[in-house]
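Spelled out, the chains give:
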Amino acid sequence: MSSFNTDNGCISIDDQVIVGYITEEVHKIEGVSKMISSISDNFSKNIFGRDSGMNGVRINRDGDNMSINLHIIVYYGYNIPQLSYEIQSAIKNVIEEFTGLKVDAVNISVEGIDQEND
């Protein structure tokens, strides 16, 4: 959770809000099939019954700066480096614009290829 002190009080932004913005932006980008949970999230869900609710997003913070790790499946035939760059730019812009937090890095892990449904 991020907190900001203003003249009128304190503002807190929960990680789920940031994940919501990220999910919305990723689903707008053509070529992304879906976001998937990381291996550690799947382990926690299967063994301990805990669902992080992060949908393949991992957020690391250092003060007001953050890095974001994203796990995705892409459709066959899309240029993965170009697609990754589009995702990185979109996420960085939306998070910095709507939260005021600085995004140092958006790391993309392409976990697989999916056949596009026609």
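Up top is the structure these notes are about.
Just so it is clear, the model here is predicted, and its values are computed rather than measured.

J.: Can you walk me through helix 1 (residues 15-28) in this structure?
T.: Residue pairs three or four apart in sequence face the same way in an α-helix, which turns once every 3.6 residues. When the terminal C-alpha atoms of helix 1 are compared, their 20 Å separation across 14 residues agrees well with the 20 Å that a helix rising 1.5 Å per residue should span. Every buried residue belonging to helix 1 is among Ile18, Val19, Ile22, Thr23, Glu25 and Val26, and all of these are buried. On the buried face of helix 1, the contacting elements are strand 2 (9-13), strand 3 (32-35), strand 4 (57-62), strand 5 (65-75) and helix 3 (80-99). In this structure Asp14 caps helix 1, since a side-chain oxygen of it lies 3.0 Å from the backbone nitrogen of Gln16.

J.: What exactly am I supposed to notice about helix 3 here?
T.: With 20 residues, helix 3 extends 28 Å between its outermost C-alpha atoms, agreeing within 8% with the 28 Å of an ideal straight helix rising 1.5 Å per residue. Within helix 3, the full set of buried residues consists of Leu83, Ser84, Ile87, Ala90, Ile91, Val94, Ile95 and Thr99. Viewed end-on, helix 3 has its buried residues packed into an arc of 135°, placing them on one side of the element. Turned more than 90 degrees away from the buried face of helix 3 sit Pro81, Tyr85, Asn93 and Glu97, all of them exposed. Backbone nitrogen of Gln82 and a side-chain oxygen of the N-cap are separated by 3.1 Å at the start of helix 3; the cap is Asn79. Directly after helix 3, the chain includes Gly100, whose backbone phi takes a positive value near 80°.

About the thresholds
- Residues numbered from 1 in each chain as written.
- Predicted model: local features only at pLDDT ≥ 70, side-chain atom pairs only at ≥ 80, totals over all residues.
- Heavy atoms only, no water.
- Helix = DSSP H or I, 4+ residues; strand = E, 2+ residues; numbered from the N terminus.
- Expected span 1.5 Å × (residues − 1).
- Buried < 20%, exposed > 50% of the residue type's maximum accessible area, 1.4 Å probe, protein only.
- Contact = heavy atoms within 4.5 Å.
- Polar contact = N/O pair within 3.5 Å; in protein donor to acceptor, adjacent residues only side chain to side chain.
- Arc of directions from axis to C-beta.

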